[in-house]
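Structural description and commentary
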Amino acid sequence: MKILLLGASGYVGGALWQSLSARHTVVGTCSRRAVPGLMTVDLRDEAALCALLGQGFDLVIHAAGLVDLASAEAQPALAHALNVRSVEVLRTAVRDTPTKILLLSSDNVFDGTGEVYTEEDPRSPVNVYGRTKCAAEDALLGPGGHLVVRIPLVYGRSPWADRFMARFSGPVTQAQTDVVCAPVYLPSLAPALEELWDRQGLLHFAGAEVVTRFALMSRVAEALRLPTRVVPVRNDDVFASPRRPKRLVLRSVHHGFLGPDVAAALADMASGSTEETT
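Residues numbered from 1 in each chain as written. Predicted model: local features only at pLDDT ≥ 70, side-chain atom pairs only at ≥ 80, totals over all residues. Heavy atoms only, no water.

1. Overview of the overall build of the chain
Helix and strand counts for the chain stand at 10 helices and 14 strands. Here the C-alpha radius of gyration of the chain, 18 Å, is about what a compact globule of 278 residues would show, namely 19 Å. Seen through its principal axes, the chain has C-alpha atoms that stretch 50 × 40 × 35 Å. By the burial criterion, 53% of the 278 residues in the chain qualify as buried. Measuring between centres, the 27 positive side-chain charges of the chain sit 4 Å from its 29 negative side-chain charges. (Helix = DSSP H or I, 4+ residues; strand = E, 2+ residues; numbered from the N terminus. Rg over C-alpha atoms; globule rule 2.2 N^0.38 Å. Buried < 20%, exposed > 50% of the residue type's maximum accessible area, 1.4 Å probe, protein only. Lys, Arg positive; Asp, Glu negative; His and termini not counted. Charge placed at Lys NZ, Arg CZ, Asp CG, Glu CD.)

Okay, structure coming up:
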């Protein structure tokens, strides 16, 4: 496969780049922070995006954009430009070509009041980020055979932008006891996408185990013997704005793939392995 990976310098994109490059021809992009081996492309530069697509790719994986909830809330126009408009440009650019687009979306398209969410559940975002992901999905889905894969909280190590592990950098790490999800172990994502990317439409991919953020962070810190103390907090006490859904458990009615449970993921992290399992 010849793949264009947008956002290869990011947390999720970096891990995808590391894994997929071993098996495919991957052209990765970065934005402001230059990374050796990656092309610098601003998602807002529509001409540059279209020119890049002229190289002829089998697949475009869109793993870029403004993903921080607070930043998206503070800069809604920027969030729309990066998360939505870029998808519109890509879809127009690949029209009448065999290139397929795979967009990574988010569990934040839901409001967090349901026990479990499948692809058939109606969306109800409560923050700017969630609304931009809904709009991006709408921009891509429909005729054309493209694919949207929604993912939850992702954890594990990434080569260039290790956003998850950075949360443990201080002497105290706050983690919510009232935020629940089925987190995905980052190394399991690339092989899962390879299993799914021949499909089209909308799919969910999540981890096997349902945990609170406090339980996840505590287990990571303990397993890796990190020099931080994980303390329990309530979501609204720490994040007054923007609104954050409390329970986001993704499951699929279209496939049976799940990422590893937390124990298996932590054993892999502790060993320093890059094993990829679904």
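Moving on from the model shown.
2. A closer look at helix α7 (residues 189-196)
Of all eight residues that make up α7, six are buried, and the element is covered over most of its length. Within the sequence span of α7, burial applies to L189, A190, P191, A192, L193 and L196. The secondary structure elements touched by the buried residues of α7 are α1 (11-20), β5 (100-106), β6 (147-151), β10 (184-185) and β11 (201-204). (Contact = heavy atoms within 4.5 Å.)

3. Some details on the pattern of salt bridges
All told, the structure shown has 12 salt bridges when counted by the stated rule. Of the charged contacts in the structure, one is a salt bridge between E194 and R23, with a shortest N-O distance of 2.7 Å. Linking E194 in helix α7 with R23 in the loop between α1 and β2 (25-30), this pair joins segments that are 171 residues apart in sequence. Here R23 falls in the partly exposed class, since its relative accessible area comes to 39%. We note a salt bridge from K246 to D178, for which the minimum N-O separation is 3.7 Å. With K246 in the loop between α9 (235-238) and β14 (247-248) and D178 in the loop between β8 (172-176) and β9 (180-181), this residue pair connects regions lying 68 residues apart in the sequence. Judged by its relative accessible area of 28%, K246 falls in the partly exposed class. (Salt bridge = Lys/Arg side-chain N within 4 Å of Asp/Glu carboxyl O.)

4. Thoughts on the nonpolar core
With 51 residues, the main nonpolar core has L16, I61, L102, L104 and F164 as its most contacted residues. At six residues, the largest contribution of residues to this core is made by α1. Sequence-distant contacts of F164, that is, excluding residues within four places in its chain, are made with Y11, V154, Y155, G156, L216, M217 and V220. One finds A64, L90, I101 and Y129 within the second-largest nonpolar core, a separate group that totals 29 residues. (Core = buried A, V, L, I, M, F, W, Y, C linked by side-chain atoms within 4.5 Å.)

5. Considerations on the pairing of β2
A large share of β2 lies buried, amounting to five of its six residues. Bridge count between strand β1 (residues 2-6) and β2: four bridges; the pairing is parallel. Counted as the bridge partner of L5 is G28 from β2. Once you follow β1 into α1 and on to β2, the crossover reads as right-handed. (Pairing = 2+ DSSP bridges. Right-handed = clockwise from strand over helix to strand, strands pointing away.)

6. Comments concerning the sheet that holds strand β4 (residues 59-62)
As summarised here, the arrangement of the seven strands in space is β3-β2-β1-β4-β5-β6-β11, forming an open sheet in which the pairing is parallel. Either end of the sheet is taken by a strand with one partner, and the two such strands are β3 (39-40) and β11. When β5 meets β6, the two strands line up parallel, connected through five bridges. For S105, the partnering residue across the bridge sits in β6 and is R150. Seen against the sheet, α1 touches β1, β2, β4 and β5 and runs at an angle of roughly 160 degrees to β2. Its contacts with the sheet place α7 against β5, β6 and β11, and it is angled at close to 150 degrees to β6. (Axes fitted to C-alpha atoms, helices over the stretch in contact; angles between N-to-C directions.)

7. Quick notes on unusual backbone geometry
Despite not being glycine, D96 has its phi angle at roughly 70 degrees, a positive value. The residue D96 is located in the loop between α4 (76-94) and β5 in this model. Unusually for a residue other than glycine, R225 sits at a positive phi of about 55 degrees. Looking at where R225 falls in the secondary structure, it is placed in the loop between α8 (213-224) and β13 (229-233). Residue R225 is classed as exposed on the basis of its relative accessible area of 77%.

8. Quick look at the sheet that holds strand β12 (residues 211-212)
The strand order across the open sheet formed by three strands is β12-β9-β14, and the pairing between neighbours is mixed. The outermost strands of the open sheet, each flanked by one partner alone, are β12 and β14. Bridging between β9 and β14 involves two bridges; their strand directions are parallel. Bridge pairing in β14 links V180 to R247.

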